[in-house]
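Inside the fold
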Amino acid sequence: MSGLRLFNTKGGMTEVMPRLAEVEADVQGLVEAHMETMLGVTFLASEYVIDCVEGGRIDSLGIDENGAPVVVEFKRGTAAGVVNQGLYYMAWLMAHKDAFRNLVRGRLGASAASQVLWSSPRLICVAGDFTRYDAHAVREHRRSIDLVRYRYFGNDHIGLETVASVTGPSVGTKQVRRRAAGLPSARRRDGAMADLAEAVDEALLGIGDGVTRVQRKQYAAYQRLRNFACVCPPQQTKLLVYLKADPRKVDLVPGFTRDVTGLGHHGTGDLEVQLRTPRDVERAQDLFRASYAAA
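In this text, all values refer to a predicted model and were calculated from it rather than measured experimentally. Once a new chain begins, its residue numbering starts again from 1 and follows that chain's sequence as written. pLDDT decides what is reported in this predicted model: residues at 70 or higher carry local features, side-chain atom pairs at 80 or more are listed and counted, and totals for whole chains, interfaces and linings draw on all residues regardless. Hydrogens and water are ignored here; the side-chain numbers use all heavy atoms of the structure.

1. Focus on the overall build of the chain
Scanning the chain from N- to C-terminus turns up 10 helices and 14 strands. Burial status follows relative accessibility: with a 1.4 Å probe on protein chains alone, a residue under 20% of its type maximum counts as buried, one over 50% as exposed, and anything between as partly exposed. Expressed as a percentage of the 295 residues in the chain, the buried residues total 49%. We call two residues in contact when some of their heavy atoms are within 4.5 Å. Long-range pairs, those at least 24 residues apart, make up 60% of the contacts in the chain between residues at least 6 apart in sequence. Each accessible area is a Shrake-Rupley result for a 1.4 Å probe, and residues are judged covered by the shown protein chains and nothing else. Roughly 14200 Å² of accessible area belongs to the chain as shown, and the carbon and sulfur atoms make up 49% of that amount. Secondary structure counts use DSSP, requiring at least four H or I residues in a row for a helix and at least two E residues in a row for a strand, with both numbered from the N terminus.

2. A closer look at the side chain of asparagine 227
The residue asparagine 227 is located in strand β11 (residues 226–231) in this model. Using a relative accessible area of 0% as the deciding quantity, one classes asparagine 227 as buried. In this structure, asparagine 227 is in contact with Glu65, Asn66, Ala221, Tyr222, Lys244, Thr268 and Ala295, ignoring residues within four places of it in sequence.

3. Points about helix α6 (residues 132–139)
An α-helical turn contains 3.6 residues, so a residue and the one three or four places further along point in the same direction. Regarding α6, the residues found buried are Asp134, Ala135 and Val138. One side of α6 carries all its buried residues, which in axial view fall inside an arc of 100 degrees. In α6, the exposed positions angled more than 90 degrees off the buried face are occupied by Arg132, Tyr133 and Arg139. Buried residues in α6 make contact with α3 (82–95), β7 (144–153) and β8 (157–166). Throughout, the arc means that of the directions going from the helix axis to the C-beta atoms.

4. Notes on empty space enclosed by the protein
A 1.4 Å probe that fits but cannot get out identifies a cavity on a 1 Å grid over protein atoms alone, an open set with protein on both sides within 12 Å along at least five of seven lines counts as a pocket, and a residue lines either if it has an atom within 4 Å of a point. Grid points are joined across faces, edges and corners, and a volume is the space filled by probe spheres set on the points. In the structure shown here, the tally under the stated rule is 2 cavities of 30 Å³ or more. One number sums up the size of the largest cavity: a volume of about 50 Å³. Arg122, Ser144, Asp146, Ser165, Val166, Gly210, Thr212, Gln223, Arg224 and Leu225 are the residues that line the largest cavity. Broken down by secondary-structure element, the contributors of at least two residues to the lining of the largest cavity are β7, β8 and β10 (220–224). Tallied by class, residues from the lining of the largest cavity come to 2 nonpolar, 5 polar and 3 charged. Under the grouping applied here, Gly and all other residues not named as nonpolar or charged are polar, the nonpolar ones being Ala, Val, Leu, Ile, Met, Phe, Trp, Tyr, Cys and Pro and the charged ones Asp, Glu, Lys and Arg.

5. Brief notes about the side chain of lysine 75
In this fold, lysine 75 is placed in strand β5 (residues 69–75). Buried and unpaired, lysine 75 has no salt bridge, with glutamate 24 as the nearest side chain of opposite charge at 4.6 Å. When neighbours within four sequence positions are excluded, lysine 75 is seen to be in contact with Glu24, Val82, Gln85, Val126, Ala127, Gly128 and Tyr150. Think of it this way: Lys and Arg go in the positive column, Asp and Glu in the negative one, and His and the chain ends go nowhere. In the sections that follow, a salt bridge refers to a side-chain nitrogen of Lys or Arg positioned within 4 Å of a carboxyl oxygen of Asp or Glu.

6. Side note on the pairing of strand β1 (residues 5–8)
Of the two faces of β1, the one holding Arg5 and Phe7 is buried and the one holding Leu6 and Asn8 is not buried anywhere. Here the rule is simple: two strands pair whenever DSSP picks up at least two bridges between them. Bridge count between β1 and β8: 4 bridges; the pairing is antiparallel. In the sheet register, arginine 5 faces β8, and the bridge partner there is leucine 160.

7. Side note on the sheet that holds β10
Read across the open sheet, the 6 strands follow the order β9-β10-β11-β12-β14-β13; overall the sheet is antiparallel. Across the chains shown, the open sheet's two edge strands, defined by having one partner strand only, are β9 (212–215) and β13 (257–259). Between one strand axis and the next, the sheet turns by 25 degrees as a mean value, whatever way the strands run. Here 3 bridges tie β11 to strand β12 (residues 239–243), and the two strands are oriented antiparallel to one another. Among the inter-strand pairings, cysteine 230 is bridged to a residue of β12, identified as tyrosine 242. Along the sheet, helix α8 (residues 191–205) contacts β9, β10, β11, β12 and β14 (271–275); its crossing angle with β12, the most-contacted strand, is approximately 20 degrees. Orientation is described by lines fitted to C-alpha atoms, with helices fitted over the stretch in contact, and by angles between N-to-C directions that extend from 0 to 180 degrees. Where helix α10 (residues 285–294) meets the sheet, it contacts β10, β11, β12, β13 and β14, and its direction lies at approximately 35 degrees from that of β12.

8. What to know about the nonpolar core
Core analysis: the largest hydrophobic core is formed by 31 residues, its most contacted members being Tyr48, Ile58, Leu61, Val71, Phe100 and Leu147. Those elements giving two or more residues to this core turn out to be β3 (41–49), β4 (57–64), α3, α4 (97–108), β6 (122–127), β7 and β8. Of all the elements, α3 adds the most residues to this core, at 8 residues. Setting aside anything within four residues of it in sequence, one finds valine 71 in contact with Ile58, Ser60, Leu61, Gly86, Tyr89, Met90, Leu93, Arg122, Leu123 and Ile124. Working definition of a nonpolar core: buried Ala, Val, Leu, Ile, Met, Phe, Trp, Tyr and Cys residues. They are joined through side-chain atoms within 4.5 Å. The next biggest cluster of nonpolar side chains, apart from the first, holds 28 residues, and it includes Val250, Leu275, Leu287 and Tyr292.

The following block contains the structure:
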């Protein structure tokens, strides 16, 4: 499977033949126990009962690395209607923001609850497989939706593969793209830095399939389910990019790359890349690709 990410859950060996879970609850429980590692989502609640006329239970609720609320729905095999079911729960969630804030406050504190990114709610559907109708349906909705196929490999490994990933409405003109990425217009700051920021934006969006961009005030996050790059607004002479690439596996170059493990900064990632010229963007391409692959 292309783009398959394999997670070792017990430390054993991997069998060759993939298989489905015995029951839906097995895959749900496993992903919930490792949700941050697998999906980049902090787990908040399981089987969350919603208060509405029809009733219902949201399989899992979480909040992602950028503060966006996340609904996760699970199906053991291929099941029609999982996307529509998830969208129904997302609509309920957006109409009951206080309930979600209270959940976040109880688990993560008041600060996290006050910074929920309501502009970018997400739906993640994890299933044994999806039909072509599912993949088409997600592209017709103006929501951030990820379809993720799972497989067990033996008793100790689970593989996740993104089948389809869409975000909100696309942006067209360069000026709008700069604003969407949190990048000031050329009229407001040095033109060279604005051009550099646009080049980084294009490089990260075009690095592979399934890349979406989420805007926060302090940074723009580029996701492949999980963040793989975070770009801060340009400084006077440089642009800072934070990557998920492991700094211990990188030959650090003073003035270009820096290990920021344990150091506070906007966005996510332990490898800081400092970009000052178009040449630096070219030098950083391998690091961008390594971080994308790691996510």
